[in-house]
Each structure stands twice: as structure tokens, then as C-alpha cells.
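Single-letter residue listing:
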Amino acid sequence: MTYLAKPRLLAATAPRNALGYTRRDYEGAISTLCAGCGHDSISAAIVQACFDLDIEPHRVAKLSGIGCSSKTPDYFLGNSHGFNSVHGRMPSVLTGAALANRNLIYLGVSGDGDSASIGIGQFAHAMRRGVNMTYIVENNGVYGLTKGQFSATADKGSKSKRGVVNSDNPIDLAALALQLGASYVARSFSGDKEQLVPLIKGALRHNGPAFIDIISPCVTFNNHAGSTKSYDYVREHNEAVNRVEVILPRDRIETSYPPGSLRRIVQHDGSILHLRKLGEDYDPTDHIGAINHLQERHALGEIVTGLLYVDNSAEDMHRHLNTVEKPLNQLGDAYLCPGSKALDALNASLR
Amino acid sequence: MKPTDTKAPDYFHKVVDCQWACPAHTPVPEYIRQIASGHFAEAYMINWRSNVFPGILGRVCDRPCEPACRRGRVDEAPVAICRLKRVAADFKEDISDRLPVAPTQKNGKRIACVGAGPASLTVARDLALLGYEVSVFDDGARAGGMMRSQIPKFRLPDSVIDEECGHIARLDVAIHQNHRIASLGSLLTEGWDAVFVGTGAPRGRDAELPGRKEAAAHIHIGIEWLANVAFGHVEHIGKRVIVLGGGNTAMDCCRSARRLGGEDVRVVVRSGFDEMKASPWEKEDALHEGIPIHNYLMHTAFLHDNGRLTGVRFEQVRAEYDERGRRKLVPTGEPDIVMECDDVLVAIGQENAFPWIERDLGLDFDEWGLPVLDPVTLQSTLPRVFFGGDAAFGPKNIITAVAQGHEAAISIDRFCRARPLDRRPPPTVELASQKMGIHEWSYDNQISEEARKKVPLKALEDTLADIRVEVELGFDVRLACAEAERCLNCDVQTVFTPKLCIECDACVDICPVECINFTADADEPDLRERLKVPARNTDQALYVADGLKTHRIMVKDENVCLHCGMCAERCPTGAWDMQKFLLNTALAGAEAPRT
Ligand SMILES: Cc1cc2nc3c(=O)[nH]c(=O)nc-3n(C[C@H](O)[C@H](O)[C@H](O)COP(=O)(O)OP(=O)(O)OC[C@H]3O[C@@H](n4cnc5c(N)ncnc54)[C@H](O)[C@@H]3O)c2cc1C
Ligand SMILES: Cc1ncc(C[n+]2csc(CCOP(=O)(O)OP(=O)(O)O)c2C)c(N)n1
Ligand code: SF4
Ligand code: SF4
Ligand code: SF4
Ligand SMILES: [Mg+2]
């Protein structure tokens, strides 16, 4: 944690994106989290992703619940819309916002406590309904904000800072998201931006519910020996299935890989996911295969990361509900509130 | 890339851009912090040790530190380092008890310094403090050399020169004014243990053109004319004055002429405006006083009416560059231009001259008439004779003369003690953590975002009316503090301990200028391109460390680091620390390590 605001002085050579913004323009207030918190790295990865995608900050709505992780939207995209909801209620507020205005990019930021404990129901239904959003869980295995109690993602057998062993079974949010119908599912690690940033970019450009479980060590309450969410443990057990690169329609494709090692997936909006295979064959379009892989590897004590599943023909909630294209705030009063005659007609039609 | 050896004496020194660029390696941020905390005498003494003439240099230094200043790379303008030095001099309280005194017991060695310019006076100070008996001989009326005779009083008042030359005279240095040394040969017979030659570059280049002889009465060599003005021998000039030349001497000439009756004073230069030798601020000052600068005009003839100067003829030229990038001025073919005038000041260059040094003493000169010297020890081919300042390598500036004076004093001291001259005493270096608490540092790490402060000036009509009225008023304390706050404290170094690092990226994410990276190893050119912000300023080092768990390397581009300490505040393990690096160059008397 630092008290000083970041000075605005910049190197003349600081990169600028197509909008003329620097990365600094995508930052928010100075973080008040503990020094070394994985959540801060995720904020930086979100900044990088939005910078790379030339996203106009005012086109983003960031929503969160309660927790250290849920505090982070204050620390990035200072010029975006934001809503800090009640504990575990980000998904429903976000769903409502998305229904009212489908033209914004929805970014939900949550914690493992916020989503896997108190908010598990909300999480499940947002995935199930196909809300077009990027759902990030900053997963540290504890309730950081309330001083380190085990959360529902803490592995059975892992030890708390004070030596207590967790006896409950963990919830694997990525596996759950897969089952519930998320059409883009990934897992990553806050300490590996090379992997994380492209995954966030792919999610932001995905049409449909995109879920990323990001292991994010809590330096203060969950970074000790015996923890399965510490920097060291995650680095030792990390098994990445692939590396992703997001290619926008405007980009020239320059990367060259040995034939057969690269897979191209064209997303709904024209962006291309370049998937470089790592190790054995892993097919991220095979839904059942993905679920099986996660379970097999989990049994071996591995943390599977990478783009686990993507469905490039996914549909979202608006399509399912056949909602109006225009944001409600642009429809005008007469349209939104057609008056008692229209209501009478409607009632009559239902009699 | 090879990991950085931060123990190498130059590594951290180079990070302190201003100190590195200062020929005398003045610890700039150290004195700027003293100013910010209102300790002006301390700030003055830090300067005095390094550059001997803080009050003088705080007004007229060529300030090579400022173009080098890191602030200039992250902001519109560098820190006003030079004018802060003046603040130290202006606001210091009584420093008499801080100034050292010469030992009463002398060491029996006698040294002669020829010339009383900054080079000689520096030698005199450094050696007098060690107990040497130093005599200075100067042909001028008052000490200071060209600082006294050339630099106009409206830039540098006599009182400041008197004060700072006085500090040296009080160290039992015998300064003999109006004492020209006419023969080095005979001086050498007087039994001096060593002789230092600091006679400057006293000859102004002339413009040998048609009409020069005939119109001589109203054509003046710039530096001779300025000396006459300085000593009050010249008090008037014609209404229409042409100054030939584009260097700092030309700027002093035109501004002086403006004050001695010149109404239509113009500077005419053969080069373009940007290529002029004068410092940007000198040109600005001239323009501010209503003096136009005409570029790309080559003087070809002095016009006269039976010996009475009437004007100057100019050919119009333009710059052409050959494949090697060298400039050539070629006539444009357009008609010549004639400018009418009453007086011409020729300020087209300055040369060395040593008419008083016999050529059969064993003291060799090179083809350009400069003494053959060891570039480090400044010893001539006559072992007892040393050179420094403008006399050594041609005209430069005061701070260079001072720096060379220090080196010559070291050489003379070692020579007199029969120590090898090529083994030089190293600087003293201290590195100390500035950490006081979790978010507390013993320096002010909050970065000021204020723009460079302008030095208040006296009203133009007042300064043009009297050539002795100083133009700049200097910063007041409030402006001085605001300007001092702009300094980034580049001497407070970021020091990285790889074995403590858990690679959490906190420092990478917080760094406001994005200069920290963790990445795969590569060759330097490749690495420079791959950083978060490509490191294209190759004058600035990359700080590289290995020994991380992931086998990546830490690479920090020193170029625009703000020394804000945010990396160290954010680091959960203390792998970054902010440590103050204080380097003081050795002065005469310091010992060289035995090897
Ligand atoms: C017009 C002008 C403006 C300048 N402005 C600046 C400026 O703003 N900032 C800056 O940093 N530099 C400036 N300089 C340059 C600066 O003045 C010199 O670089 C500096 O003074 C050199 O110092 P020095 O000790 O080598 O010799 P000098 O200062 O030249 O001193 C040499 C002294 O030796 C005396 N001398 C010479 N021969 C003998 C002899 N045989 N016997 C006895 N005495 C002798 C000379 O009369 C003189 O007093 C300026 C120069 C000029 C000409
Ligand atoms: C309704 C409600 N119940 C409980 C709390 C107390 N509480 C605050 S944060 C938190 C847990 C947050 O954990 P997580 O989402 O993992 O966030 P982290 O701090 O670990 O990032 C709890 C239980 C609350 N704020 N509101
Ligand atoms: S910012 Fe301060 S320390 Fe850094 S180069 Fe400039 S004057 Fe020197
Ligand atoms: S001190 Fe640290 S955080 Fe500040 S600019 Fe330098 S490297 Fe970056
Ligand atoms: S903040 Fe400290 S521990 Fe974290 S990466 Fe930087 S140096 Fe390493
Ligand atoms: Mg948590």
C-alpha cells in the first residue's frame, strides 16, 4: 500500500494506443491493498488488456461485490462506470445493467468468497443465463478483507496461516462455470501476466459469459508454506494447457509457429484467438473433454491454467430473451412507458 | 545480459545525471535538498567544496548539468540547478566559521600559479589547505581572470567575485595583481616546486576583411572591448552597432553595447539560429533586450568613408551538409546585404597565446599552439609545469577550469610528494538506506508536478540604463523551495536484492514510469526493445539482476526513473530499497589506494 498518488510525469516514449491513451490513462486511484497482493497485478493486467484493445474507458461498466478483490475496480479504469454492490450480488446487478444497456462492455470483478461462498447462487445464474460479460474471480482461497478465514475455494488439507487445516471440499469455479454454460472459461495466475493479459483480452472480446478464475495470492493471509494459493505453490503446480494471443481484425499477423502447433479460433466479433499448444493435445472447444481434463488434473494436484474452453458461436442472454437492441436510456419515455391504454390492451390480450 | 555490478564506482554515479555531467561532479541533489529544507549555508558549503565559486557559478555557469537533468526527460524543462546554486549563495548566513583555514604550519613547498582565473584559484585553494605556500601572479587589476574581465557586471557583479576570491586569499594565498609573468624561463629559476599555468585563452580572433585596417577606429575585438568595459575604460559606443559572431561573447557584446548607447544593436551570424554557439538562455536574454539576431549572413567587407566606418557588407549563405553530416555554408547567390553602422564588435572566436613561454624550455606545444599535456594529470612535458583551464585545451568555461584545477592540484601534490601521478585518489562513496518506516523515507519522495520556475528579472528600463545593474533578481525563498522540490533526488538509488523477491509484480505495476520489468534474458539490444517501455536511450543504463526463482531477470531502465520509491513502498519483501548514494570526488591530499 502506498499513500502517495502516482506522479503524472511520463517518459516521452511511453507507448500510446490507437486512441492516443497511455496505460496510465486506464489506471484508477492508488490501491490500498497490501503490498504484493495478487489482486493489484490483476488490476494492472486489466489496464494492459483495455489499453491493448483500444477500449474507450467510458464504454466499460465495472461491477463488483464486497472483498479486497471487489475493491479493486476503484484501482483501474478510473474513467469507466462502476458499481460496488452488496456482498455476492454483483452478478444480479450486472445482469440488470446489461439488460438495460447492451452497448457497454461489462466487467464483473469478484472474489472467491464473494462468488463461491455467499454469492454462489448469483454466480451460477449469471453463467446459466448467458450474460454477456467478463466475470473475473480473484481467487486467493481466503476472505482477505475479513482477515483470512478459509473461503469455499480453499483446498481440502491446505493450512491457514495459524496452522489450521481446512477440512471442507473446495469449489472449482472454473469447472462449475463450464457445467453451467459459460462459453469462455479460463484459469490463470496473477503472477503470470504473459498468460493472463491475453486471456482477459479474449474474454473482453467474447460474446457471451466469459469466466476467468485467477489464482491471486494473498500476501498477508495465504502466502505461507502449507497454502495451496501461495506464489511458490502456484508456480510449482501450474500446468498451462496453452498460450493465447488475441489478434484484432486490424492487426497484421506476424507470429510464426511450427505448423500444427497453432490453432486459430475466430470469435463472434472477428477477433482471432491464436492458441499455441503446450505439451500434449488439449482441445479447448471440446466441452466434455475440458470438464474431464480439469477433474483428472485436479486429482493429481495440478493447477490447470490457460484457455480451458471456448465456444465461438455462443449466444447471449439478449438473444435468448429477444430484447430490444437499443439501450433503454435511448428509447424515450413514450416508448418505455406507453400509457394506460397500452396496458389495458396488454391485459386484455391475456384474459 | 550480464547482471549489473552496482559496486562499480561509476554505476550509481551515472544515474545521478546532473552530478555525472558536472565537470567538478558537484553532488547536486544533496545541496538541492538542503535548500528545500532552508539550510542555505550547508548547501553553499557542499558547492564550495566541489566548485569553489558557488555564487559566481550560480549566476553564470554554462550548466552542462541542466541538459543532462533527468527531470528534462519527464517534464518540459530540467531543474533550475544553476539558479538554485545562486540561492544557496544569496541566502546563506555567515559562513566564516564553516570555511576551513590554512594550516599555520606550512609544508615547505612553494607553488606558483600564473593567472588569477578560476583554474589557478582552484589550485591555490586546494593546495593552500594542505599547507602549501601558493603565490598567484596575474596581470589584471583584480582577481578572477575572465570572470572579472569579460563577463559583464549585469550578469556577475564585482561584489560576488570579490567575496569568493576573498575566501581563497584568506587561506594565506599570496595573490599578486598587476604582475605579468613575462618569461616562464625566468620564473622557473626562482625555485618553485611546481608551476601552474592558468593564463586562459586571451586572444580574440580578428576578421581580416577589406576595410579592416582603414576603419580600425570603430572596429573592436569583442573580448578586448569587454575587458575595457569591465574596467571602465570604455563607457560609450555608437548608436548603431553590429556584433559579428554567434557565441556567448557575442551575446555579452551586444547586451553591453545596448547599455552604452547602442540603440540599433544587432547580432549578425553566418550560421543558423539553432546552430549558434551561444547557450539558448543567452540568446533568449539578448532577444528579450530587443536585440535582433540575423542568421545566414557572412561578413565580407567593412565599408568606410575615408576611414570612417559606415557599414558591413554580407553575403547571403545557406547550410549544406555532406554525406558525413558536416556543415558547409554556401552562397545562395542572392544579392549582398549592406548594414549601416557606427561600430562593429568582432566576436568570432578566441585563441590561446603563450608569448611569455619560451619554446626552448623542453615544454612542447602541438600544431595548434596548445601545450602537450597528459589529459588526466595535466602535466606538461616539463614535469614541474602543469596547465589547467582555458590554457590547457582551449577556451571552455569556468566549471571546466575549476574541475581541471582540482585535478592539477592533485597532480601537483603527488608530484611534490614524489607519488606516481597516474595513480589517482578515488572518490569517496557512501550508500545508505533511506528507509525510516513502512511508508517513510528520510527524503521527500513525493514528486512535485510543478513547472520550472522563472527567475524574476529587474525591469528592462532599469537594467538597460546602467551596465552595472544586475539583470536577474534571483529566486526568492518561496520560488527556490518550489523549484528545489522539482528535483527527483536521483541520488536516492533503487537497490534490488533478488533473493528477497517473490516475483509478485507489485513493483512493476506501481512504477509510474513503467521502468521495471521481469522478463526472459536476452542480449542488450533485444532486451531494450522488449521492455514495457522500450529503452531507447542507450546513454542510460539497464539495471539487470538475476537469481530469481523463475529464472527470469529483473531489468530496470534507469532512464526516466523518478526515484519516487513507490517500488520499494509496494514491495512486500523489501527486495527494493531506496539508498542514498553520495559521491565526493577526491581533492588534493586524498590518498590513492596502493595496488
Ligand atoms: C565574453 C566572455 C563571456 C564568458 N561567459 C562565461 C559564462 O557566462 N560562463 C562560463 O562558465 N564561462 C564564460 N566564459 C569563459 C570563462 O570566462 C573562461 O572559460 C574561464 O574564465 C577560464 O578560466 P581560466 O582560469 O582558465 O583563465 P582566465 O579566466 O582566462 O584567467 C586567466 C588570467 O590570467 C591572466 N594572464 C594571462 N597571461 C598572463 C601572464 N603571462 N602573466 C600573468 N597573468 C596572465 C589573464 O589576464 C587572466 O586574468 C566567458 C568568456 C568570455 C570571453
Ligand atoms: C452480507 C455480508 N456478509 C459478510 C460480510 C463480511 N465480509 C466482507 S468481505 C468478506 C469476504 C470476502 O472474501 P473474497 O470475496 O474472497 O474477497 P478477498 O477479500 O479475499 O479478495 C466477508 C465475508 C459482508 N460484508 N457482507
Ligand atoms: S532531477 Fe535533481 S538529481 Fe535528478 S538530474 Fe535533475 S537535478 Fe539532478
Ligand atoms: S523509484 Fe521505483 S517506482 Fe519510482 S520511478 Fe523509479 S523504479 Fe519506478
Ligand atoms: S514488489 Fe518486491 S517481491 Fe514483488 S516483484 Fe517487485 S521486487 Fe519482487
Ligand atoms: Mg478471497
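Residues numbered from 1 in each chain as written. Chains lettered and ligands numbered in written order. Predicted model: local features only at pLDDT ≥ 70, side-chain atom pairs only at ≥ 80, totals over all residues. Heavy atoms only, no water.

Under the annotation held in an unreviewed UniProt entry, chain B carries the name 4Fe-4S dicluster domain-containing protein and is attributed to Azoarcus taiwanensis.

An unreviewed UniProt entry lists chain A under the name 2-oxoacid:ferredoxin oxidoreductase subunit beta, from Azoarcus taiwanensis.

1. Concerning the overall build of chain B
Here is the rule we go by: Here a helix means four or more residues in a row that DSSP labels H or I, a strand means two or more in a row labelled E, and each is numbered from the N terminus. The quantity called the radius of gyration is restricted to C-alpha atoms. Its globule counterpart is 2.2 Å times the number of residues to the power 0.38. Burial status follows relative accessibility: with a 1.4 Å probe on protein chains alone, a residue under 20% of its type maximum counts as buried, one over 50% as exposed, and anything between as partly exposed. By definition, residues are in contact when any of their heavy atoms lie within 4.5 Å. The method behind every accessible area is Shrake-Rupley, applied with a 1.4 Å probe, and residues are considered shielded solely by the protein chains displayed.
For chain B, the helix and strand inventory stands at 22 helices and 24 strands. The C-alpha radius of gyration computed for chain B amounts to 26 Å, which stays within 12% of the reference 25 Å derived for 595 residues, consistent with globular compactness. By the burial criterion, 58% of the 595 residues in chain B qualify as buried. Partitioning the intrachain contacts of chain B with sequence separation of at least 6 by distance along the chain shows that 71% fall at a separation of at least 24. Of the roughly 24,300 Å² of accessible surface on chain B, 51% is carried by carbon and sulfur atoms.

2. Concerning the pattern of salt bridges
In plain terms, the rule: By convention in these notes, a salt bridge is any Lys or Arg side-chain nitrogen within 4 Å of a carboxyl oxygen on Asp or Glu.
With the rule as written, the count across this model stands at 69 salt bridges over all chains. Across the pair D40 of chain A and R570 of chain B runs a salt bridge, and its minimum N-O distance is 3.7 Å. On the criterion of chain membership, the pair formed by D40 of chain A in helix α1 (residues 38-52) and R570 of chain B in helix α22 (residues 566-570) is interchain, its members lying in two chains. In terms of burial, D40 of chain A and R570 of chain B fall into one category: buried. Because the salt bridges share partners, they merge into one network encompassing R142, R148, K153, D158, D162 and R468 of chain B.

3. Describing the sheet that holds strand β4 (residues 133-139) of chain A
Residues and elements named next belong to chain A. Spelled out, the test is: Only when DSSP finds a minimum of two bridges between them are two strands counted as paired. Simply put, an axis is a line fit to the C-alpha atoms, just over the touching stretch for a helix, and the angle between two N-to-C directions goes from 0 to 180 degrees.
If you trace the eight strands from one edge of the open sheet to the other, you get β2-β1-β3-β4-β8-β7-β13-β9, paired in mixed fashion. At either end of the open sheet lies a strand with only one pairing partner, and these are β2 (81-84) and β9 (238-240). Here the average twist between neighbouring strands, direction ignored, is 20°. Here six bridges tie strand β7 (residues 184-189) to strand β8 (residues 209-215), and the two strands are oriented parallel to one another.

4. What about a nonpolar patch on the surface?
Rules: By definition, no residue in a patch forms a salt bridge, and every one has over 30% relative accessible area; like charges are joined within 9 Å, nonpolar side chains (Val, Leu, Ile, Met, Phe, Trp, Tyr) within 5 Å.
The grouping of V324, L328, Y335 and L336 of chain A at the surface amounts to a nonpolar patch, some 370 Å² of accessible area in total. With respect to the helices and strands, the residue L328 of chain A is situated in the loop between α10 (317-321) and α11 (333-336).

5. Description of the environment of M45 of chain B
Residues and elements named next belong to chain B. Following the sequence through the fold, M45 ends up in helix α4 (residues 40-51). The spatial distance from the C-alpha of M45 to the C-alpha of R98 is 7.7 Å, given a sequence separation of 53 residues. Beyond its immediate chain neighbours, meaning those up to four positions away, M45 contacts I95, R98 and L99.

6. Some details on the coordination of the magnesium ion (ligand 6)
Formally: Donor atoms: N, O and S within 2.8 Å of the metal, or within 3.2 Å for Na, K and Ca. Because water is excluded, sites can look incomplete.
Of the protein atoms, only D112 of chain A (OD), N140 of chain A (OD1) and V142 of chain A (O) coordinate the magnesium ion (ligand 6), at distances of 2.0 to 2.2 Å. N140 of chain A gets classed as buried once you look at its relative accessible area, which sits at 5%.

7. Some details on the sheet that holds strand β1 (residues 110-114) of chain B
Sheet strands line up and pair through hydrogen bonds in the backbone, either parallel or antiparallel. Residues and elements named next belong to chain B. In spatial order, the strands read β3-β2-β1-β4-β16; together these five strands make up an open sheet with parallel pairing. The outermost strands of the open sheet, each flanked by one partner alone, are β3 (174-176) and β16 (385-387). Taken over all neighbouring pairs, the strand axes of this sheet differ in orientation by 20° on average, direction set aside. Pairing of β1 with strand β2 (residues 133-137) involves five bridges; the strand directions are parallel. In the strand pairing of β2, A112 is matched with S135.

8. Section: the UniProt feature "domain: Thiamine pyrophosphate enzyme TPP-binding" (unreviewed entry) in chain A
Under the convention used in this document: UniProt positions are given in the numbering used here, feature names are shortened, and annotations may be inferred rather than shown by experiment.
As recorded in UniProt, the sites labelled "domain: Thiamine pyrophosphate enzyme TPP-binding" (unreviewed entry) are residues 66-214 of chain A. Helix makes up 34% of residues 66-214 of chain A and strand 23%, whereas the separation of the span's terminal C-alpha atoms amounts to 17 Å.

9. Side note on the site of ligand 3
What counts is decided by this rule: If even one non-hydrogen atom of a residue comes within 4 Å of a molecule or strand, that residue is called near it. Any residue that is not Ala, Val, Leu, Ile, Met, Phe, Trp, Tyr, Cys, Pro, Asp, Glu, Lys or Arg is counted as polar, Gly included; the first ten are nonpolar and the last four charged.
The local shell around ligand 3 consists of C18, V28, P29, C69, R70, V79, I81, C487, L488 and C490 of chain B. Tallied by class, the residues present in the shell around ligand 3 amount to nine nonpolar, no polar and one charged.

10. Description of the packing of helix α3 (residues 28-36) of chain B against α4 of chain B
Residues and elements named next belong to chain B. The test is simple: Any angle that is under 35 degrees is reported as roughly parallel, and any over 145 degrees as roughly antiparallel; angles of 65 to 115 degrees are reported as roughly perpendicular and all others as oblique. For any pair of crossing helices, the crossing counts as left-handed if the nearer helix is rotated counterclockwise from the farther one by less than a right angle, and right-handed if it is rotated clockwise.
Relative to each other, α3 and α4 sit at 165°, their axes nearing to 7 Å. Relative to α4, the element α3 is oriented roughly antiparallel. Here α3 runs over α4; the crossing is left-handed. Two secondary-structure elements touch here, α3 through E30, Y31, Q34 and I35 and α4 through F40, E42, A43, I46 and N47. Of the residues assigned to the contact of α3 with α4, the class counts are five nonpolar, two polar and two charged.

11. Re α4 of chain B
Residue and element names in this part refer to chain B. Basically, it comes down to this: Multiplying 1.5 Å by the helix residue count minus one yields the expected span of that helix.
Helix length check: α4, at 12 residues, gives a terminal C-alpha distance of 16 Å against a target of 16 Å (1.5 Å per residue), a fit within 8%. Most of α4 is tucked away, with 10 of its 12 residues classed as buried. The set of residues buried in α4 consists of F40, A41, A43, Y44, M45, I46, N47, W48, S50 and N51. Positive backbone phi, at 65°, marks V52, one or two positions downstream of α4.

12. Here's the deal with the packing of aromatic side chains
Residue and element names in this part refer to chain A. Condition: Each aromatic pair joins two rings of Phe, Tyr and Trp (for Trp, the six-membered one) with centres within 6.5 Å, and gets the label stacked for planes under 30 degrees apart, edge-to-face for over 60, and tilted for any other angle.
Here the structure, examined in full by the defined rule, presents 17 aromatic pairs over all chains. Judged by centre distance (5.6 Å) and plane angle (55°), the ring pair of Y135 and F211 falls under tilted. Note that Y135 is positioned in strand β4 and F211 in strand β8, a separation of 76 residues in sequence. The pair Y135 / F211 is uniform in exposure class, with both members buried.

13. Overview of the nonpolar core
All names here are of chain B. Cut-off, in case you're wondering: Buried Ala, Val, Leu, Ile, Met, Phe, Trp, Tyr and Cys residues that are joined via side-chain atoms within 4.5 Å together make up what is termed a nonpolar core.
Judged by nonpolar contacts, the single largest core of 71 residues is most densely connected at I35, L84, F496 and W576. No other element matches α4, which puts seven residues into this core. Not counting residues up to four positions away in its chain, the partners in contact with L84 are Y31, I32, I35, V79, F475, A480, E483 and A484. Grouped together as the second largest cluster of nonpolar side chains are 48 residues, L127, V136, I398 and V402 included.

14. Remarks on the site of ligand 5
Surveying the vicinity of ligand 5 reveals 14 residues, the closest of which are C501, C504, D505, C507 and C571 of chain B. Here the residues of the shell around ligand 5 are counted per class, giving 11 nonpolar, one polar and two charged.

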